[in-house]
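# Working through the structure, step by step
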2 protein chains.
Amino acid sequence: MTENLVLAPARMTTADIFNSAVASSAISAAWELGALDELAANEKLDVTEFATRNDLDQQATEALFHALASVRIVERSGGAVLRDVNFADVYKAKGFFHWLSRGCAELFANTSSVLPNGNRVGEYYRRDSAAIAVACRDINKNFFDPVFSAVMAPLEFTKVADLGCGSAERLIKVLGWHPTATGLGIDIAGGALRLAQESVDAAGLSYRVSLIQDDATAPRPHPEFTDVDLLTCFLMGHDMWPRDECVASLRKLRAAFPNVKRLLLGDTARTTSLPDTDIPVFTLGFEVAHRMMGVYLPTLEEWSGVFAEGGWRLIRQHLVPLPADSVIFELEPADSAA
Amino acid sequence: MTENLVLAPARMTTADIFNSAVASSAISAAWELGALDELAANEKLDVTEFATRNDLDQQATEALFHALASVRIVERSGGAVLRDVNFADVYKAKGFFHWLSRGCAELFANTSSVLPNGNRVGEYYRRDSAAIAVACRDINKNFFDPVFSAVMAPLEFTKVADLGCGSAERLIKVLGWHPTATGLGIDIAGGALRLAQESVDAAGLSYRVSLIQDDATAPRPHPEFTDVDLLTCFLMGHDMWPRDECVASLRKLRAAFPNVKRLLLGDTARTTSLPDTDIPVFTLGFEVAHRMMGVYLPTLEEWSGVFAEGGWRLIRQHLVPLPADSVIFELEPADSAA
């Protein structure tokens, strides 16, 4: 509440809000069509040449760059397109836009039918899980990996299991850093595991990696688990919540991997103190989407308060600068020698 | 091109663009769920009470207002929501957001598959025509009607035909202004005509209105057309283009209505001189969508240059302030006594 009854002027106008919504779809599409990567690599792009080479409609391609230019991601000059002031930042954040405008498009478009309690039964919303996987891969690469690799560097281990391994990108990366280690990928999704097997084969790592289909938040005991000494779990920890279920999951993980020495749990928590008018990229979409989907997001404080009861000791907490309230928790079994 | 190699800073950041995209969906949904109308009528809204009364999920409803607050449409204060500086402008423009984030959501989400030439066959995109109709009704009411009613005021006529009458809102309004006139609604869509008949009946105007299903851009001669002396045609004129087809349509209309004295043609033209970074609300979405759909949008200049060849004389051109380059052309048959 302000004592001054005259409201401060808004930075963004109605037109800015509208044009940004158009631009958000354009960012996602321009990335998919290869335009953002070309502009990241080259100083300029010729629109006609780009459309012709990729067999795209000329007018619609021109429109795509018009949308990007409206919020200064690119500048149009004659038939060419150059990077504008927002390019570098948007390019790094393109996964967030892809998550929103491609992966969650249907969820957000149907907001008015997702909110009524009467509709919130069965599969009452749809998202594009393939697009979300592509988006998360880029988000991981640009935001989580720099911190993850620093956390990994001093760790010694012989066998890593990645919980919710998806397409096995993380496993492959970790085994690249640690040439003598072996790996295990666990995921509930058969489609993801087929992709993972292809990626592992392509990386020439078949002899060092096993893949197991199971619920990564509560895996059944498995002979392959016995010699795992490092667990990694990224961007899915919130699926263990609410609290009681998270405690149970953490205990099950502790029991399922008897010789584990470290659990690296990276996730984005629900923010609690951001002013409504100064929310960094991704946070708003992430939190609104999960509330729409009825998925509980724990805060950093709630996370910190659950580990002891779940059988783990928090050694260190590595902050990831963006998205807001993202962190990699470095945990060890509570019953291990400290 | 600027001589200064240092780019001016952008008004909007990456986070602003992202949050605006989330907010755009929220505007559309908040309107559908009645929240915007309540905030327009009352100083504040209690979130819990609003969710309970409308049987909406509490958390998701809170998230909806969080999204609106992020771009200063509302301000959240405790459990209440108040209008913020962007409210009045966004409320007036809500039809544009509904058009974009509800009506055209699927088109924009699928941009990357709409652009490749190989995909541009058959029904290669989908829009929600019901949502677009609702959006256009609000756009008409807030932006075109004030100009339309001023243009209509001095006109004398006995029978008006509305081309592309949709749900007959415009016809009903015109007959309210002119209590002795009769009306004719023409539309290709059977669904729209059923809605129109219900609206006409509900307005007690059944004895003054006939509805005919036909292509409004090229209607076949009909006995009901003979005594029509006023034609109205709104937000569909661009469907007559490209130019050759527009000339043919205008001639067919002239021939089909032998006693017409005026044609009021209201439409939004393609802009030609707006700077990329200063585009007023709606224009970008409207132009990008039509380029994606492969629909030609004429400019104001192109419109002005087609009437004589189509058999009409432009008497006056009434500018509609928003959307940009919107106009109501006031035309009379070229062969009438000037």
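Just so it is clear, the structure is predicted and the values come from calculations on it, not from any experiment.

Parameters at a glance
- Residues numbered from 1 in each chain as written.
- Chains lettered and ligands numbered in written order.
- Predicted model: local features only at pLDDT ≥ 70, side-chain atom pairs only at ≥ 80, totals over all residues.
- Heavy atoms only, no water.
- Least-squares fit on C-alpha atoms with pLDDT ≥ 70 in both.
- Contact = heavy atoms within 4.5 Å.
- Axes fitted to C-alpha atoms, helices over the stretch in contact; angles between N-to-C directions.
- Helix = DSSP H or I, 4+ residues; strand = E, 2+ residues; numbered from the N terminus.
- Left-handed = near helix turned anticlockwise from the far one by under 90°.
- Nonpolar A, V, L, I, M, F, W, Y, C, P; charged D, E, K, R; others polar.
- Pairing = 2+ DSSP bridges.
- pLDDT = per-residue confidence, 0-100.
- Buried area = accessible area lost by both parts, 1.4 Å probe.
- Salt bridge = Lys/Arg side-chain N within 4 Å of Asp/Glu carboxyl O.
- Polar contact = N/O pair within 3.5 Å; in protein donor to acceptor, adjacent residues only side chain to side chain.

### Observations concerning the relation of the copies chain A and chain B
- Aligned on chain B, chain A shows an RMSD of 0.0 Å; the corresponding rotation is 180° and the shift along the axis is 0.0 Å. Taken together, these values place the two copies in the relation of a two-fold axis. Distance from the rotation axis, computed per C-alpha, reaches its smallest value in chain A at A:Ala21: 2.0 Å.
- Of all interface residues in chain A, 100% are interface residues in chain B too; the two copies therefore contact each other through one and the same surface.

### Notes on the packing of helix H9 (residues 129–152) of chain B against helix H10 (residues 169–177) of chain B
Residues and elements named next belong to chain B.
- Close contact between H9 and H10 brings their axes to 12 Å; oriented N to C, the two are set at 35°. By crossing handedness, the relation of H9 to H10 is classed as right-handed. Two secondary-structure elements touch here, H9 through Arg 137, Asn 140, Asp 145, Phe 148, Ser 149 and Met 152 and H10 through Glu 169, Arg 170, Lys 173, Val 174 and Trp 177.
- A breakdown of the residues in the contact of H9 with H10 according to their chemical character gives four nonpolar, two polar and five charged.

### Considering the sheet that holds strand E2 (residues 74–77) of chain A
Residue and element names in this part refer to chain A.
- Taken in spatial order, the three strands line up as E1-E3-E2 in an open sheet, and their pairing is antiparallel. Of all strands in the sheet, those bounded by a partner on one side alone are strand E1 (44–46) and E2. Averaged over all pairs of adjacent strands, the angle between strand axes in this sheet comes to 25°, irrespective of strand direction.
- Pairing of E2 with strand E3 (residues 80–83) involves four bridges; the strand directions are antiparallel.

### Regarding the confidence of the model for chain A
- Residue-level pLDDT values for chain A average 95, and 98% of them are 70 or greater.
- The complex prediction reports pTM at 0.95, with the ipTM value standing at 0.95.

### Here's the deal with the interface of chain A and chain B
- Contacts between the two partners involve 79 residues from chain A, matched on the other side by 79 residues from chain B.
- Buried area between chain A and chain B, both sides added, is near 6900 Å², and the carbon and sulfur share of it is 62%.
- At the boundary of chain A with chain B, the tally comes to six salt bridges.
- The partner of A:Asp57 in a salt bridge is B:Arg120, and the shortest N-O contact between them spans 3.6 Å.
- Applying the counting rule to chain A against chain B returns 32 residue pairs in polar contact (both at pLDDT 80 or more).
- Of all the elements in the fold, those that place two or more residues in the side of chain A that touches chain B are helix H1 (14–32), helix H4 (58–70), E2, helix H5 (87–92), helix H6 (94–103), helix H7 (105–109), helix H8 (111–114) and helix H13 (283–293) of chain A.
- Counted by class, the side of chain A that touches chain B contains 42 nonpolar, 20 polar and 17 charged residues.

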